[in-house]
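# Observations on the three-dimensional arrangement
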Amino acid sequence: MPDTAIATLSGNLEAIRDRSPLIHNITNLVVTNITANALLALGASPAMVENTEESAELARVATALVINLGTISSEKAAAMRLAAQAAQQAKTPWVMDPVAVGALAYRSRVARELLASKPDVVRGNASEIMALAAQAGLVQPAAGGKGVDSLLQSEAALEAAKALAAAQNGVVVVSGAVDYVTDGTRVAGIANGHPIMTRVTGMGCTATALIGAFLAVEKNAFAAAVQAMVVMGVAGEMAVEMAGGPGSFQVAFLDVLYALEAPAILEKARLS
Amino acid sequence: MPDTAIATLSGNLEAIRDRSPLIHNITNLVVTNITANALLALGASPAMVENTEESAELARVATALVINLGTISSEKAAAMRLAAQAAQQAKTPWVMDPVAVGALAYRSRVARELLASKPDVVRGNASEIMALAAQAGLVQPAAGGKGVDSLLQSEAALEAAKALAAAQNGVVVVSGAVDYVTDGTRVAGIANGHPIMTRVTGMGCTATALIGAFLAVEKNAFAAAVQAMVVMGVAGEMAVEMAGGPGSFQVAFLDVLYALEAPAILEKARLS
Amino acid sequence: MPDTAIATLSGNLEAIRDRSPLIHNITNLVVTNITANALLALGASPAMVENTEESAELARVATALVINLGTISSEKAAAMRLAAQAAQQAKTPWVMDPVAVGALAYRSRVARELLASKPDVVRGNASEIMALAAQAGLVQPAAGGKGVDSLLQSEAALEAAKALAAAQNGVVVVSGAVDYVTDGTRVAGIANGHPIMTRVTGMGCTATALIGAFLAVEKNAFAAAVQAMVVMGVAGEMAVEMAGGPGSFQVAFLDVLYALEAPAILEKARLS
């Protein structure tokens, strides 16, 4: 099954580079630059538009939409609702990143509202995914969130992820040392990546943005999420080899994404 | 004529480094950091102030003003209007970057309002300049905008740029493989730069900010725009030689701007 | 006395890396990314939350709070007031960075209001500290602010800093070629750092964030401020040796922070 999920990776990577799909991002203030640069390096065309006047207009014509709840405000929350609803109506595939949901009450409420617009994929860390599932009544609430970082292993959230995916009829990704991707039935594990990625801000947000890029060219959301997480993890490993610390890692990561070839990714992928 | 336009480049570069002119930026969330760093590397003193309480106050005392319509909001639009009006009254030279105008209705309206405060320079890609000229009734509307990226060659917007410059009594720059600068009568073409610059976010916005820095020391807006675009393109070419991809390009670009000497720029400039 | 102030540096650096204290940042749009990455590289866990719905909630549970007045808005100012009050009530240590206070009327008023919530540390350049002291009636007003950059030497603000620290019963840091840290009685001078740091945006803001990280593990605010400024200056010097300009400096600075060992810092510290 994992092999099936990445069978189209080579073609999808080529499609992103050929078509430069327009990816509409409503994301947090910390990661706008690295997110835009990662999407550009991969071959996509990012647009950051997060006001209430324009977000629905763009979400309707974009090839995919990325909503990230970091540095949310009431204005941005309103823009997110409009964009998510427009995406659902226009069948623009979209992915949600519930940054720090569970740790802060306001954004937990906003996240719950956004789930009603049926994101194709939700990607978070273990704390965030467990909080989302718990507030949907699917699992018992668990402690463990600390701001944007999770104190839990991704394994701990696997049942919550499956329950959330099934309830949403979508795909859920739990990031961690092993990333899990599930549609409620199937589960893929991706054991790529490197611990230094937790010492660079916005790596999770970038993973979410890359899922957006793959959703733009791959109709199967499970496959899109698996492929994006594999690219993320393998690119991270390749960048670590070129880097002397988190600063040079970030630079190398963009260079690697830009030059990435499908055979190298498939060779290094550790899927289960 | 191109030679005339860059005759003062050496002196202007020195003036920026000697005087560190205060450049007031109201720019988009994606590029604040790279814009500030590019201005600092060149020798200017950037200040990012974008609220309604302070923007007019700063625009009056700044040496130049840069307004960039990316990630606009109603609050930022109000701050832009106040800053643009204050700049016009105080004779602070200013440059406008109409990011994604034509693709999104709200910002197209804001851009039209801002044109009333007579920016000394407008810099955009072909789609953006054609949209501005079309909504001023100067040319026929054309399709071709896709979010922030243009699908058109810069040549296609040259007539629109000349008409807009003449109508505004200002200078218009169309960025592309060849950058065109026109005051409605004269046209300079700058064939510097490198395709990888389209894979790094904020290169256009940085060009606009550099125009702001040159406007701070050069009274002739046509010369200021030509010189900034030459510096941008040549610095880009020099950075490419040091870079292994878009991540290391961005790093090298700042190092190059910091160390740039006028003779090297003039030697590499491809002006027509 | 300076030796006393850095006696706990080694243990504090270890404590930051072991405990990853949650640092709540309300900071400016230009430096969110570099600030978060510097805190992560040092070993802390940054969270950027700046809305009125969540800022008090997070300030109560965070280990330290950093408030930076750059790119302030009325919404952010309201979030700052709520966070500062919550921090004072919950005894969360906090540090304030009065970016461009004195140069712009609105933020000068906001800074004065925030001082009522008793920041443990205030860090600014000479112009900013003199403006804060002057508007508190402690010293005569002085000219010299130019946007975010100071035209004054840090020495010029030393008396203002001492008066402000005494009046606030807190610690004040004046950044410059020599950084001064004072609690109103004691004064430490730190002669580390490099001029290229003034050509990279957000170095002052990063210093303030590092003070936040040290406040999270060190009860003595004077010692926390001295240690953060020493780390900042020494890391800057080490990064310069690896860098070819301001772009590569920024990259090297994060790599250095990540790998920094206490003995190397103590060896290079120039304290008086």
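### Quick word on the overall build of chain A
- Helix and strand counts for chain A stand at 12 helices and 10 strands.
- Expected size for 272 residues packed as a compact globule is a radius of gyration near 19 Å; at 17 Å, chain A falls within 12% of this value.
- Within chain A, buried positions represent 69% of all 272 residues.
- Here the analysis covers contacts within chain A between residues at least 6 apart in sequence; of these, 73% occur between residues at least 24 apart.

### Quick word on the nonpolar core
- Core analysis: the biggest nonpolar cluster contains 345 residues, and Ala213(A), Ala225(A), Ala213(B), Ala225(B), Ala213(C) and Ala225(C) have the highest contact counts within it.
- Sequence-distant contacts of Ala225(B), defined by excluding residues within four places in its chain, comprise Val121(B), Val171(B), Val173(B), Val181(B) and Ile211(B).

### Things to note about helix α7 (residues 126-135) of chain C
Residue and element names in this part refer to chain C.
- Within α7, eight of the 10 residues are buried, which leaves the element mostly enclosed by the surrounding structure.
- By the burial criterion, the buried members of α7 are Ala126, Ser127, Glu128, Ile129, Met130, Ala131, Leu132 and Ala133.
- Of the residues flanking the end of α7, it is Gly137, one or two places downstream, whose phi is positive at about 75°.

### Examining the interface of chain B and chain A
- In this assembly, 26 residues from chain B lie in contact with 26 residues from chain A.
- Going through the elements one at a time, α3 (32-42), α6 (105-115) and α11 (246-259) of chain B are the ones with two or more residues in the side of chain B that touches chain A.
- Its residues assigned to classes, the side of chain B that touches chain A comprises 12 nonpolar, 10 polar and four charged.

### Some remarks on the interface of chain C and chain A
- At the interface, 26 residues of chain C touch 26 residues of chain A.
- Put simply, the parts of the chain that give the side of chain C that touches chain A at least two residues each are α3 (32-42), β2 (45-48), α4 (55-61) and α11 (246-259) of chain C.
- Counting residues per element, the side of chain C that touches chain A draws most heavily on α11(C), which supplies eight residues.
- Tallied by class, the residues present in the side of chain C that touches chain A amount to 14 nonpolar, six polar and six charged.

### Re the relation of the copies chain B and chain A
- With an RMSD of 0.0 Å, the operation that places chain B on chain A is a rotation of 120° combined with a shift of 0.0 Å along the axis. Classification of the inter-copy transformation places it as that of a three-fold axis. Of every C-alpha in chain B, the one belonging to Leu29(B) sits nearest the axis of rotation, 3.9 Å from it.
- Take the interface residues of chain B: only 12% of them recur as interface residues in chain A, which is what a contact between different surfaces looks like.

### Here's the deal with the relation of the copies chain C and chain A
- In the superposition of chain C on chain A (RMSD 0.0 Å, axial shift 0.0 Å), the rotation amounts to 120°.
- Take the interface residues of chain C: only 12% of them recur as interface residues in chain A, which is what a contact between different surfaces looks like.

### Concerning the sheet that holds strand β10 (residues 187-190) of chain B
All names here are of chain B.
- Taken in spatial order, the eight strands line up as β2-β1-β3-β4-β5-β8-β9-β10 in an open sheet, and their pairing is mixed. In this open sheet, the two strands that pair with only one neighbour each are β2 (45-48) and β10. Between one strand axis and the next, the sheet turns by 20° as a mean value, whatever way the strands run.
- Strand direction decides the pairing type here: strand β8 (residues 171-175) and strand β9 (residues 179-182), joined by three bridges, are antiparallel. If you follow Val174 over to β9, its bridge partner there is Tyr180.
- Across the sheet, helix α8 (residues 158-168) lies against β5 (121-125), β8 and β9, angled at about 160° from β8, the strand it touches most.

Here is what the cut-offs are and how they apply
Residues numbered from 1 in each chain as written. Chains lettered and ligands numbered in written order. Predicted model: local features only at pLDDT ≥ 70, side-chain atom pairs only at ≥ 80, totals over all residues. Helix = DSSP H or I, 4+ residues; strand = E, 2+ residues; numbered from the N terminus. Rg over C-alpha atoms; globule rule 2.2 N^0.38 Å. Buried ≥ 20, exposed ≤ 12 C-beta atoms within 10 Å, placed from the backbone. Contact = placed C-beta atoms within 7 Å. Core = buried A, V, L, I, M, F, W, Y, C linked by C-beta atoms within 7 Å. Nonpolar A, V, L, I, M, F, W, Y, C, P; charged D, E, K, R; others polar. Least-squares fit on C-alpha atoms with pLDDT ≥ 70 in both. Pairing = 2+ DSSP bridges. Axes fitted to C-alpha atoms, helices over the stretch in contact; angles between N-to-C directions.

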